[in-house]
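Chain and residue survey
Each chain, written out:
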Amino acid sequence: MTWGTFNEKENKALPAHREPDPRFEIQPGDILVSRANTEAYVGAPVLVGKCRPRLLLSDKSLRLKPVDGIDPHWLVYALASPTARRQISAGSTGAQQSMRNISQSALAEIEVLLPPTVEQKRIVDALEDHLSRLDAAEKSLGVTLRRLDRLREAVMVPTNRIAVTRPSEAAHFPSPAGVDDGELPFIPSSWRWMRLGEVADVVGGVTKDAKRQAGDDYVDVPYLRVANVQRGHIDLTTIAHIRVPKAKAAHLFLQFGDVLLNEGGDRDKLGRGWIWEDQIPEMIHQNHVFRARIKDQMLDPRLLAWHANGFGRRWFEANGKQSVNLASISLRKIKMFPVPIPPKAEQAAMAQEIEEQLSILDNAADLSRAAHRKAAALRRALLTYAFSGKLVPQNPEDEPASELLTRAKGALVGGLTSPRVPHARSAAVVPKLARGAPSGIQEELPL
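Here is a short report on the structure shown in this document. (Residues numbered from 1 in each chain as written. Predicted model: local features only at pLDDT ≥ 70, side-chain atom pairs only at ≥ 80, totals over all residues. Heavy atoms only, no water.)

**Describing the overall build of the protein**
- Within the protein, the regular secondary structure consists of 11 helices and 23 strands.
- Classification of the 447 residues of the protein by burial places 42% in the buried group.
- For the protein, the exposed surface amounts to about 24,000 Å²; the carbon and sulfur share of it is 53%. (Helix = DSSP H or I, 4+ residues; strand = E, 2+ residues; numbered from the N terminus. Buried < 20%, exposed > 50% of the residue type's maximum accessible area, 1.4 Å probe, protein only. Areas by Shrake-Rupley, 256 points an atom, 1.4 Å probe, with all protein chains shown as cover.)

**Examining unusual backbone geometry**
- One non-glycine residue with positive phi stands out, namely Asp296, at about 55°.
- With respect to the helices and strands, the residue Asp296 is situated in the loop between strand 17 (289-294) and helix 7 (301-309).

**Here we look at the packing of helix 7 against helix 10 (residues 344-386)**
- Where helix 7 meets helix 10, the closest approach of the two axes is 9 Å, and the angle between their N-to-C directions is 55°. Taken together, the axis directions place helix 7 and helix 10 in an arrangement best described as oblique. Of the two elements, helix 7 crosses helix 10, and the hand of that crossing is left-handed. The residues of helix 10 that touch helix 7, namely those facing Arg302, Leu303 and Trp306, are Gln347, Met350, Ala351, Ile354, Glu355 and Leu358. (Axes fitted to C-alpha atoms, helices over the stretch in contact; angles between N-to-C directions. Parallel < 35°, antiparallel > 145°, perpendicular 65-115°, else oblique. Left-handed = near helix turned anticlockwise from the far one by under 90°. Contact = heavy atoms within 4.5 Å.)

**Side note on a positive patch on the surface**
- A surface patch of positive charge is lined by Lys139, Arg146, Arg147 and Arg150.
- Here Arg147 shows up in helix 4 (residues 117-155).
- Residue Arg147 is classed as exposed on the basis of its relative accessible area of 51%. (Patch = residues over 30% accessible without salt bridge, like charges linked within 9 Å, V, L, I, M, F, W, Y side chains within 5 Å. Salt bridge = Lys/Arg side-chain N within 4 Å of Asp/Glu carboxyl O. Lys, Arg positive; Asp, Glu negative; His and termini not counted. Charge placed at Lys NZ, Arg CZ, Asp CG, Glu CD.)

**Points about the sheet that holds strand 15 (residues 273-275)**
- Read from one edge of the open sheet, 4 strands run 8-17-13-15, paired in antiparallel fashion. Because the sheet does not close on itself, it has two edges, and the strands there are strand 8 (200-203) and strand 15. Adjacent strand axes in the sheet meet at a mean angle of 20° when their direction is disregarded.
- The pairing of strand 8 with strand 17 spans 4 bridges and is antiparallel. From the neighbouring strand, Asp201 faces strand 17, where its bridge partner is Arg293.
- Strands in contact with helix 7 are strand 13 (259-262), strand 15 and strand 17; relative to strand 15, the strand with the most contacts, it is inclined by about 170°. (Pairing = 2+ DSSP bridges.)

**Focus: the pattern of salt bridges**
- Here the structure, examined in full by the defined rule, presents 20 salt bridges.
- In this structure, Asp300 engages Arg302 in a salt bridge whose closest nitrogen and oxygen atoms are separated by 2.8 Å.
- Salt bridges sharing partners connect three or more residues here, namely Asp30, Arg63 and Lys65.

**Here we look at the packing of helix 1 (residues 72-80) against helix 2 (residues 82-91)**
- The contact between helix 1 and helix 2 brings their axes to 5 Å, and the two run at 60°. As the angle between them shows, helix 1 and helix 2 are arranged oblique. Contacts between helix 1 and helix 2 involve Ala78, Leu79 and Ala80 from the first element and Pro82, Ala84, Arg85 and Ile88 from the second.
- Broken down by class, the residue content of the contact of helix 1 with helix 2 amounts to 6 nonpolar, no polar and 1 charged. (Nonpolar A, V, L, I, M, F, W, Y, C, P; charged D, E, K, R; others polar.)

**Remarks on helix 2**
- Along helix 2, the residues classified as buried are Pro82, Ala84, Arg85 and Ile88. All buried residues of helix 2 lie within an arc of 155° about the axis, which places them on one face of the element. With respect to the buried face of helix 2, the exposed residues turned more than 90 degrees away are Arg86 and Ala90.
- Structurally, helix 2 contributes buried residues whose contacts are with helix 1, helix 3 (104-108) and helix 10. (Arc of directions from axis to C-beta.)

**Focus on the packing of aromatic side chains**
- The full count for this structure, using the stated rule, is 7 aromatic pairs.
- Between Trp274 and Trp306 the ring centres are 6.1 Å apart and the planes differ by 45°, which places this aromatic pair in the tilted class. Within this pair, whereas Trp274 is found in strand 15, its partner Trp306 is found in helix 7, the two being separated by 32 residues in sequence.
- Accessibility expressed as a relative area gives 13% for Trp274, which makes it buried. (Phe/Tyr/Trp six-rings, centres within 6.5 Å; stacked < 30°, edge-to-face > 60°.)

**Examining the nonpolar core**
- Core analysis: the biggest nonpolar cluster contains 55 residues, and Leu196 and Leu299 have the highest contact counts within it.
- Among the elements that make up this core, the one with the highest residue count is helix 10 (6 residues).
- Counting 35 residues, the second-largest nonpolar core is a separate cluster that includes Leu79, Ala375, Ala386 and Leu405. (Core = buried A, V, L, I, M, F, W, Y, C linked by side-chain atoms within 4.5 Å.)

**As for the pairing of strand 9 (residues 218-224)**
- Here strand 9 lies mainly inside the structure; 5 of its 7 residues are buried.
- The pairing of strand 9 with strand 12 (residues 240-245) spans 6 bridges and is antiparallel. By the bridge assignment for strand 12, Pro222 is matched with His241.

**Looking at the sheet that holds strand 16 (residues 284-285)**
- Spatial ordering of the open sheet is given by 12-9-16, a layout of 3 strands whose pairing is mixed. A strand with exactly one partner marks an edge of an open sheet, and here the two such strands are strand 12 and strand 16.
- Two strands pair when backbone bridges link them, and strand 9 and strand 16 are joined in this way by 2 bridges, in the parallel orientation. Paired with Tyr223 across the bridge in strand 16 is Ile284.

Below you can see the structure in the form of structure tokens.
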């Protein structure tokens, strides 16, 4: 359950011997709320449309059934409004950066402004009109960003800038080296193919071992992890430190122009990397990050990094190995990575041209992301206006919200007399507008 999306295929199954409890079967028209999720999704409401039978609530969800006079679409939007989201965040428990939980009782205390039933429908109609256009704009921006990503990948591959179609006009492919090179592109005969181990000194980093960080000859130094080495940039937001022997640290100190490539992580992170530019002195790297130091300045480090991030994505995935949770590639194999070497005289101009084109694409992506943020801000503003009575006009002929509230409270307490509500045609502050049912074994409590 995410914002506006209910995926009935994402589910688990009961044991074969256990019969489903019909009280907890999800029905079309139910409002479901995620009670345990990340900060962005905890309490996220979704209205169920079509739904297959015998699908049950889990213990991480709540079901809301609006009482008569409460439009379910309106209630979903109300729970997604900034006012409600602030209350949900305040009522949730757990660390902000991890899983958050909201109890049924905390959800029951959320207050919303209650308009008359017919005004609820006007609010829903106006919101859906505005939000449908925002959705279309955001979808278009998403398509644009994906296209820019593909263009960026194409631009950063040096071999994409040359057109050689005949094998007779191309440089010889590298000799077989016990790895899967796949289909290498043709490069001009003035270029040459080499293996990474021939182009650069490639070494692994330090292994973190808390038990072996003491001793008079140990020094405390910063080190780069997989999370720091991103595709096309080095992220220095969070830097860890480690104690290592002085000689080991001196051997691993990074130098300007070193190309850093990830050895492990998710499969799509293999070989991801960028160039070290001496941002922090005396920096080393962990064992899950390889350092490639170009020999004799035979290749511009940018061309190697771009080649690894572009063409290398498929090569590293093909030659890496997958364990249960992580992928990795060995030092021996990464030294076999095929690298095209342009003539020295052409490299600087080629690198400059690639940088200029990447800069244009980056600016376009920044503009698209800024527009996406503005769309998100506009969405929040629309919801704020809608649930403060400012989005649609009010009609003095509408049934007062106070009468709806009186009926709603009466229905929830089983027909008992509800507290007096001041007569008013404006919205009334009202919690507890729907009955909530959790999954599993907990009994229903009114929301």
